[in-house]
Amino acid sequence: MRPWPVVLVCLAALAAGCTTDAPARPTSTPTGSTMASSPPTAEPAPTPPTPRPLAGRVVVLDPGHQLGNARFPAQINRLVDAGGFDKACNTTGTSSDDGYPEATFTWQVATEVRRRLRALGARVLLTRDENSAAAWGPCIDERGRVGNPGEPGPTAELRISLHADGNLASSAHGFHVIRRPVREGETGEPAARAERLARALRDALVAAGFATSTYLGEDGIDVRDDLGTLNLSEVPAVMAELGNMRHPGDAAVMESEAGRRRYARAVVAAVRSYLGA
Ligand SMILES: [Zn+2]
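Thresholds applied
Residues numbered from 1 in each chain as written. Predicted model: local features only at pLDDT ≥ 70, side-chain atom pairs only at ≥ 80, totals over all residues. Helix = DSSP H or I, 4+ residues; strand = E, 2+ residues; numbered from the N terminus. Buried ≥ 20, exposed ≤ 12 C-beta atoms within 10 Å, placed from the backbone. Contact = placed C-beta atoms within 7 Å. Core = buried A, V, L, I, M, F, W, Y, C linked by C-beta atoms within 7 Å. Pairing = 2+ DSSP bridges.

Draft legend 1. Just the overall build of the protein, in detail. Within the protein one finds eight helices and eight strands. Looking at the protein as a whole, 38% of its 277 residues are labelled buried. Across the protein, the fraction of contacts at a sequence separation of at least 24, relative to all contacts at a separation of at least 6, is 77%.

Draft legend 2. Local environment of the environment of P73. With respect to the helices, strands and loops of the structure, P73 is situated in helix α2 (residues 73-77). Judged by local crowding, P73 falls into the exposed class, with 12 C-beta atoms found within 10 Å.

Draft legend 3. Inspection of the nonpolar core at higher detail. Counting residues in hydrophobic clusters, the biggest one holds 50 residues, and the most contacted among them are V59, L201, V238, A240 and V267. Counting residues in hydrophobic clusters, the runner-up holds six residues, among them A82, W136, C139 and I140.

Draft legend 4. Structural detail: unusual backbone geometry. In the segment running from G137 into P138, the intervening peptide bond is cis, with an omega of 5 degrees. Along the chain, P138 falls in the loop between β4 (123-126) and α4 (140-145). A positive phi angle, close to 65 degrees, is found at H65, a residue other than glycine. Tracing the sequence through the fold places H65 in the loop between β1 (58-63) and α2. Judged by the 27 C-beta atoms lying within 10 Å of it, H65 falls in the buried class. Residues other than glycine seldom take positive phi values, yet D219 does so here, at roughly 50 degrees. Its 12 C-beta neighbours within 10 Å are what place D219 among the exposed residues.

Draft legend 5. Representation of the environment of L230 within the structure. Following the sequence through the fold, L230 ends up in helix α6 (residues 228-231). Spatially, the C-alpha atoms of L230 and G144 are 6.3 Å apart, while their sequence positions differ by 86 residues. Setting aside anything within four residues of it in sequence, one finds L230 in contact with I178, R179, R180, A237 and M239.

Draft legend 6. Spatial organisation of the pairing of β1. β1 sits mainly inside the fold: five of its six residues count as buried. In terms of strand pairing, β1 meets β4 through four bridges, oriented parallel. Of the residues in β4, the one forming a bridge with V58 is R123. Relative to strand β5 (residues 158-165), β1 runs parallel, the two being bridged by five bridges. Paired with D62 across the bridge in β5 is S161.

Next up, the structure:
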């Protein structure tokens, strides 16, 4: 018999002075006939293995910003290559009117997405490993290279950067997904696959009940060539502005655990849809 039932019995019967050497189980029936003790071979049937549809797949999640960025202006304002032009290493990110930081929101959603993807068998690379007021970065160029061919670690099949916007217009709310344009002469990879990834994420967010942006992009998708993380990615990459933190309705969803779980479920659904798993 495995040891844990004995421990449970002992906890329940502590007041009666239970010991593991002398289990309190009766060895005879009320009629007096001797009953064989439980056969030690009576193991429970093995549980079937959990389906792992993403086994062997590699996904990069890039939670935007870092909680301590504002304390390190020299570091985060340093210029880095953003894909043929220079841009600041990083920015502070925005926050809700209540002071809930974008860096914390993106971290919380990313780690929930990671937990769910791992449960499905995927290997998840995060571009930062903490959300700390004592830390800054990493820079956008470093984020864009994680999971690229030739970089340390496995090559990813896709990258999703998670952000939230800080638009002050009262009518501005909803999410939008950003991809970079297909470049002149580009054979279509990975930018063409990024188009498909952007649609998969847009569709999953809509299916999860999130409204597309009222103020940017078209049908929840925007195209930009000024984002270093997307420009430097050699695997299909998109950046999601999951909502507008300055809009009270969007912020309420982001600040709630249930809301963040809903975002996470949608991102996981998009990854599965894109990967055909
Ligand atoms: Zn951001």
